[in-house]
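# Observations on chain architecture
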Amino acid sequence: MKRFLLGALWACACLAQFAFAAQASSTTELPLQAYTRAATSLNGEWKIIVDPYENGYYNYRYEPFDQQATPSQNAYFTDSKQKTPGDLLEYDFDKSTSLQVPGDWNTQTDKLYYYEGTVWYRKTFDAPKAKKSDRTFLYFGAINYRADVYLNGKKLGVHVGGFTPFHYEITNQLNDKNNSLVVKVDNKRHADAVPTLNTDWWNYGGITREVKLITVPKTFIRDYKIALTSLADKIVSGSVLLDGAKGGEKISLKVPELNIQQTLTADKQGKATFSFNADNVQLWSPENPKLYAVQISSGADKLGDSVGLRTISTQGKTLLLNGKPIFLRGISVHEEYSAHGGGRVKNAAEAQHLLNWAKGFNANFVRLAHYPHNEDMVRLAEQMGLLVWSEIPVYWTINWNNEATYQNAETQLAAMIERDKNRAAVIIWSLANETPVSDARNKFLVRLAAKARSLDNTRLLSAALEKHYRADNESIAVVEDPLAEHLDMVSFNQYIGWYDGAPEKIDRITWEINYNKPVFISEFGGDARAGNHGDVNKIFTEEFQENLYVKTLKMLDGIDGFVGTSPWILTDFRSPRRHLPGIQDDFNRKGIYSNTGEKKKAFYVLKNFYDKKAGNQTTNN
Ligand code: GCU
């Protein structure tokens, strides 16, 4: 049970790192626990300019305007207006069309369905009410893929990575009225990006998550961490980090339902750690997703959150939640709700729809593939008693030899952990999906695993590995990957009966997985068009998919150390790789629901299997 003791050490180490970064520079990668803070929303209608030749960014000699001492008024980020009748200006945001934020552009207008390139977004707004001494931050939930951000013509910075939050401090940079926020969004794919050029999901571009302004006092609560760090002794410990502290500031920590009220003192880095006994704590579990109100205050700032307390660990091949064996009745989920023509999940209601569908077959676990999902999804899962696997898009053939690619992956990993480190539902950080084994790949991922553990040693590490067959016996499937020794749970994707032989092949496979660790199957499945029926051997029928599920679940249930699975996938989703007319039509049809929520026959096979597993489950609370 080494994990818990390290938890407390982790909390301090983690803070030391942030404290250092806080001193060095207020970079956009510093945490900003924004979800529960009062904020001024900048969501809604934004003016846009579709700019495939980046005419608003480069001059005709292909030199970036924003590297000129005085940028030309032709630079779109200056949001210039025609001053005289003779003034030559070839753009005008005020007269341009608009898009809704948050939201991908692909499904808001047919013109942008396949578009990969630059779209300029512009929002004008008045400064929120604030005291002279207050500080103001501009927060983005996520932008896919690259964002160049400008405020009143001044560049705030560049963010790369399509699925993690970032922010800029804009204190004293706002006009009282009519501020111009311009964002150049570019969703072009690149070989050395994360993900790389090839994926099996739609490359939705845009400001796909919320944008808001957060005003805080001069010294404010930048970050906090709280977790159950000892199950045996019911010890809760963690830390608080102030920004702007000189040292000595008092911090109040309250957990009313646990009769906890502590006064902490910040050190010179603004850091304070805490630990308390919670003998009567109700442990968070899928059966009892108990959340406690946590209130942190210091000086003029206060921050609240709802936090679950639980432990996750492994013992040999057993997975333990709160010290008791648990079976993960899972499903893989993309962040797409296309029931009414949409694309990327853009609000909590759409996230709720997807998670309700998961509950429909007695799931207690969601694999949020293949990138960090929006915060609503994670918090709703936590409220609903769904455990979470969270993943960065180190997917397929990443450029393992490129240091910038590694730094990009590490930044996305850190931002994912930063945002969700207080979410009890999140039990697994996943580093990669189906990445081909090579020395360069192993080096990259082993380095990433070490980074993940340095940021959070209280959760399990995994990755979706691949299987192969014994050279001397094609009926023995083997999971053997140099990365596995650096992971806590051996997870892998397998498609026997779909990409790999016909379903009858499943019946004659045995598995060789020689690790003394829990075994989780992170993907299996096959396409079926809802309503397409036929003989069990007719591909793309519901009957084919149903039979595949029956055979696969029987095979997996026989694996020693089998602790759960997240079949591919909850619902049909758009993919630029799926072109079969009348069956796929730009959709990957491996959902057990159609994208409009119709249950396919495989749904009932999975529900039946999970009902049985739930029946055998001892409760974990
Ligand atoms: C892979 C991959 C998924 C993909 C699936 C499929 O396992 O991880 O992203 O969608 O197979 O081919 O449907």
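What you are looking at is a predicted structure, and each value in this text was computed from that prediction instead of being measured.

## As for the site of the ligand
As a structural note, the neighbourhood of the ligand is formed by 14 residues, with D200, H370, E434, Y499 and E523 the closest of them. At 2.7 Å, a side-chain N or O of H370 approaches an oxygen atom of the ligand. Within the contact set of the ligand, an oxygen atom lies 3.0 Å away from a side-chain nitrogen or oxygen of R578. Relative to its unbound accessible surface of 320 Å², the ligand loses 97% to contact with the protein. Its residues assigned to classes, the shell around the ligand shows 5 nonpolar, 4 polar and 5 charged.

## Points about the pattern of salt bridges
Enumeration according to the criterion identifies 51 salt bridges in this entry. A salt bridge links D94 to R122, with the shortest nitrogen-to-oxygen separation between them at 2.8 Å. Note that D94 is positioned in the loop between β2 (44-50) and β3 (98-101) and R122 in strand β4 (residues 118-125), a separation of 28 residues in sequence. On the accessibility criterion, D94 (39% relative accessible area) is partly exposed. Residue R122 is classed as buried on the basis of its relative accessible area of 5%.

## Quick notes on the sheet that holds strand β10 (residues 211-216)
The 4 strands are arranged β1-β10-β5-β8 in an open sheet whose pairing can be described as antiparallel. A strand with exactly one partner marks an edge of an open sheet, and here the two such strands are β1 (40-41) and β8 (166-169). Summarising the sheet, β1 and β10 pair through 2 bridges and their orientation is antiparallel. The partner of S41 across the bridge, within β10, is K212.

## Quick look at the side chain of T196
Looking at where T196 falls in the secondary structure, it is placed in the loop between β9 (179-186) and β10. Note on T196: relative accessible area 4%, which makes it buried. A distance of 2.7 Å separates the side chain of T196 from the backbone oxygen of A191, its partner in a polar contact. Residue contacts for T196: discarding those within four places in its chain leaves H190, A191, Y395, T397 and I398.

## Remarks on the side chain of H167
Along the polypeptide, H167 turns up in strand β8. Only 3.2 Å separates the side chain of H167 from the side chain of R222, close enough to count as a polar contact.

## Things to note about the environment of Y549
Among the structural elements, Y549 can be located in helix α6 (residues 542-556). For the pair Y549 and L88, spaced 461 residues apart in sequence, the C-alpha separation works out to 64 Å. The residues touching Y549, leaving out its near neighbours within four places in the chain, are F524, G525, P567, W568, I569, K590, I592, A602, V605 and L606.

## What about the sheet that holds strand β13 (residues 250-255)?
Reading across the sheet, the 4 strands line up as β14-β13-β16-β17 and stay open at both edges, with antiparallel pairing between neighbours. Bordering the open sheet on either side are β14 (260-265) and β17 (301-307), each of which pairs with just one other strand. When the angles between neighbouring strand axes are averaged without regard to direction, this sheet yields 15°. Sheet topology places β13 next to β14; 6 bridges connect them, and they run antiparallel. Among the inter-strand pairings, V255 is bridged to a residue of β14, identified as I260.

## Comments concerning the environment of L368
Considering the arrangement of structural elements, one finds L368 in strand β22 (residues 365-368). Since its relative accessible area comes to 1%, L368 is described here as buried.

## Details of helix α5 (residues 439-455)
In an α-helix, one full turn covers 3.6 residues, which means residues spaced three or four apart are oriented alike. Here α5 contains 17 residues, and its C-alpha end-to-end distance of 24 Å stays within 8% of the 24 Å for a straight helix at 1.5 Å per residue. Within α5, burial applies to R441, N442, F444, L445, L448, A449, K451, A452 and L455.

## Details of the domain arrangement of the protein
Domain annotation of the protein identifies domain 1 (23-216), domain 2 (220-310) and domain 3 (319-620). In this structure, domain 1 and domain 2 have C-alpha centres spaced 35 Å apart. Contact residues are listed per partner, giving 12 residues for domain 1 and 13 residues for domain 2. Summing both partners gives a buried area of about 1000 Å² for domain 1 against domain 2, and 49% of it is carried by carbon and sulfur. At the boundary of domain 1 with domain 2, the tally comes to 2 salt bridges. Note that D243 is salt-bridged to R135, the shortest N-O span being 2.9 Å. The interface formed by domain 1 and domain 2 holds 7 residue pairs in polar contact (both at pLDDT 80 or more) in total. Residue composition of the side of domain 1 that touches domain 2, by class: 5 nonpolar, 5 polar and 2 charged.

## Examining the packing of aromatic side chains
In the structure shown here, the tally under the stated rule is 41 aromatic pairs. Measuring from centroid to centroid gives 6.3 Å for W46 and Y121, while their planes differ by 75°, and the two rings are edge-to-face. Taken together, the residues span a long stretch of sequence, with W46 in strand β2 and Y121 in strand β4 at a distance of 75 residues. Y121 matches W46 in its accessibility class, with the two residues each being buried. Between F327 and F562 the ring centres are 5.2 Å apart and the planes differ by 80°, which places this aromatic pair in the edge-to-face class. Here F562 lies in strand β31 (residues 562-565) and F327 lies in the loop between β20 (324-325) and β21 (328-333), a separation of 235 residues in the sequence. For the residue pair F327 and F562, the accessibility class agrees, reading buried in each case. Through successive ring pairs, a cluster of aromatic residues spans F327, Y337, W357, F361, F562, Y593, F603, Y604, F609 and Y610. Above the plane of the ring of Y57 lies K184, whose end atom (NZ or CZ) is 5.1 Å from the centre. Across from the ring centre of F327, 4.7 Å away, lies the NZ or CZ of K613, which sits over that ring.

## Comments concerning helix α3 (residues 375-384)
In terms of burial, α3 is largely enclosed, as 8 of its 10 residues are buried. Looking only at α3, the buried set comprises E375, M377, V378, R379, L380, A381, E382 and M384. Looking at where α3 begins, the residue whose side-chain oxygen comes 3.1 Å from the main-chain nitrogen of D376 is N374. Two residues or fewer after α3 comes G385, characterised by a positive phi angle close to 80°.

## Focus on the nonpolar core
By size, the foremost hydrophobic cluster in this structure holds 104 residues, and its most contacted members are F361, V394, L448 and W511. Of all hydrophobic cores here, the second largest spans 28 residues; its members include L228, A272, V281 and I296.

## Looking at unusual backbone geometry
In this chain, V101 is followed by P102 through a cis amide linkage whose omega measures 0°. Looking at the secondary structure, you find P102 in the loop between β3 and β4. I569 follows W568 through a cis peptide bond whose omega is 25°. With respect to the secondary-structure elements, I569 resides in the loop between β31 and β32 (573-574).

Thresholds applied
Residues numbered from 1 in each chain as written. Predicted model: local features only at pLDDT ≥ 70, side-chain atom pairs only at ≥ 80, totals over all residues. Heavy atoms only, no water. Near = heavy atom within 4 Å. Polar contact = N/O pair within 3.5 Å; in protein donor to acceptor, adjacent residues only side chain to side chain. Areas by Shrake-Rupley, 256 points an atom, 1.4 Å probe, with all protein chains shown as cover. Nonpolar A, V, L, I, M, F, W, Y, C, P; charged D, E, K, R; others polar. Salt bridge = Lys/Arg side-chain N within 4 Å of Asp/Glu carboxyl O. Helix = DSSP H or I, 4+ residues; strand = E, 2+ residues; numbered from the N terminus. Buried < 20%, exposed > 50% of the residue type's maximum accessible area, 1.4 Å probe, protein only. Pairing = 2+ DSSP bridges. Contact = heavy atoms within 4.5 Å. Axes fitted to C-alpha atoms, helices over the stretch in contact; angles between N-to-C directions. Expected span 1.5 Å × (residues − 1). Domains from an automatic or database assignment. Buried area = accessible area lost by both parts, 1.4 Å probe. Phe/Tyr/Trp six-rings, centres within 6.5 Å; stacked < 30°, edge-to-face > 60°. Lys NZ or Arg CZ within 6 Å of the ring centre and 35° of its normal. Core = buried A, V, L, I, M, F, W, Y, C linked by side-chain atoms within 4.5 Å.

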